[in-house]
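# Examination of the molecular architecture
These are the residues of each chain, in order.
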Amino acid sequence: MTSTATKWISLLVLLLLIVLLLHRPPADPTSALDYILDELDLSAFTGVANTFNASPTCTREWTLPPSQDWPVLRSKDGCGELYGETPSLEVCRFIAGKRLLFVGPDTTYHLHSVWLQRLESHENRSHHCLGRDYCTFHHICRPSASAVDDLEVFIGRKKKFPSRNTLREQRSSVLQYALSTTLYASYNEEDDAYMVPTVDVETGIRIENSFWLRQARKADIIVLNRGPLPAPASTYLAAGWAFALELCASVNYLHPTPCNVNLEHTLVNAALHATINSFFPALLRTLRVISNDLEISKSLILWHGTWFIQPLCAVLGLPKRFPLVRNLYSNSKPPNSIDAWSLYYNSQGMGQTSVAK
């Protein structure tokens, strides 16, 4: 991406924020969230996304069916079913001969682990991973171990990374995972963000990033995710949600409705602020870096959405008198309840999914 294009994107983001301040979104916090993120979706990411030349063949979206309290991923009109009864194997047909890299936080690692677990039963072989901090590679989508000679190739005590020819001949693939809670991207392998334990100044929570650009340059498909920002560490102490109330006093994305009318409004306002002022700018910086890299820009870039915290799971195990808030994304009458941290998380996740659609 040229410097001129980068300046235009920055200008678009600035103009967008001005428009958001001048326009009045709907009073309901859920509608306000959708309104603001729809506006962001149309401008800030369009220029960057077009540089990848990778338009999806099938579009899906999360919907909340009537009388149901959890979202369902559905295909849009005209989008046929992509997978059969064994999606793990169906995916293998599309990635034969390819190298895949998953980059993201613990939820991305969990996604990689779930897929490996499913493949183990089909391939009749172990895909044991050494852990999120020590994941090397997994040679996947191979014929069943009972049907072929399954001798691994070793160099000393280490497994040999399969060559491109091996992947093509076996129609197999390689899966790798790199830990990155913020998708921080730097060309310098010795950047402090990779070498020094770092605490986010905004949240007081530890950030963990590994140098993943080297792996990305050799990958054919890169699956990215950055989860919602965690609530500040102070919210778990006596201060509670004071930071959100202070923010509400200076910035109200729900205008003309007061953002301090109740805790739910205050949390949504804080979630919008985190999404617009922290999540989007950081993600744009990462997209600029990888779009300017000649090797990475040839890869197919995919985004996997943030998982919605189900209210039933969120409150499971909490003390009976633990303070809960109204779940704004519930169709139940009356709405069910959820803890404040999960509502803050889900409000950000709704926005991130809107941008990724």
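### Examining the overall build of the protein
The number of helices and strands found in the protein is 12 helices and 13 strands. Buried positions account for 43% of the 357 residues belonging to the protein. Taking the contacts inside the protein whose residues are at least 6 apart along the sequence as the reference set, 67% of them involve residues at least 24 apart. For the protein, the accessible area works out to roughly 19400 Å², and carbon and sulfur atoms hold 57% of it.

### Let's talk about helix α9 (residues 242–250)
Burial in α9 covers these residues: Ala244, Leu247 and Cys248. Along α9, the residues classed as buried sweep out an arc of 105 degrees about the axis, all on the same side. What points out from α9, more than 90 degrees from its buried face, is the exposed set Glu246, Ala249 and Ser250. In this structure, the buried side of α9 is in contact with α10 (263–291).

### Observations regarding the side chain of Asp191
With respect to the helices, strands and loops of the structure, Asp191 is situated in the loop between β7 (173–179) and α7 (192–195). There is no salt bridge for the buried Asp191, and the closest opposite charge comes from Arg285, which lies 11 Å off by N-O distance. Within the structure, Asp191 has its side chain in polar contact with the side chain of Ser186 (distance 3.1 Å). Those residues in contact with Asp191 that sit more than four places away from it in its chain are Tyr184 and Ser186.

### Re the sheet that holds strand β3 (residues 99–104)
Strand order in the open sheet formed by 5 strands is β4-β7-β3-β10-β11, and the pairing between neighbours is mixed. Each having just a single partner strand, β4 (138–140) and β11 (300–303) make up the two edges of the open sheet. Here the strands of the sheet are splayed against their neighbours by 25 degrees on average, with no regard to which way each runs. With 4 bridges joining them, strand β10 (residues 221–224) and β11 adopt parallel strand pairing. From the neighbouring strand, Ile221 faces β11, where its bridge partner is Leu300. On the sheet, helix α5 (residues 106–123) packs against β3, β4 and β7 and is oriented at approximately 145 degrees with respect to β3.

Procedures and definitions
- Residues numbered from 1 in each chain as written.
- Predicted model: local features only at pLDDT ≥ 70, side-chain atom pairs only at ≥ 80, totals over all residues.
- Heavy atoms only, no water.
- Helix = DSSP H or I, 4+ residues; strand = E, 2+ residues; numbered from the N terminus.
- Buried < 20%, exposed > 50% of the residue type's maximum accessible area, 1.4 Å probe, protein only.
- Contact = heavy atoms within 4.5 Å.
- Areas by Shrake-Rupley, 256 points an atom, 1.4 Å probe, with all protein chains shown as cover.
- Arc of directions from axis to C-beta.
- Lys, Arg positive; Asp, Glu negative; His and termini not counted.
- Salt bridge = Lys/Arg side-chain N within 4 Å of Asp/Glu carboxyl O.
- Polar contact = N/O pair within 3.5 Å; in protein donor to acceptor, adjacent residues only side chain to side chain.
- Pairing = 2+ DSSP bridges.
- Axes fitted to C-alpha atoms, helices over the stretch in contact; angles between N-to-C directions.

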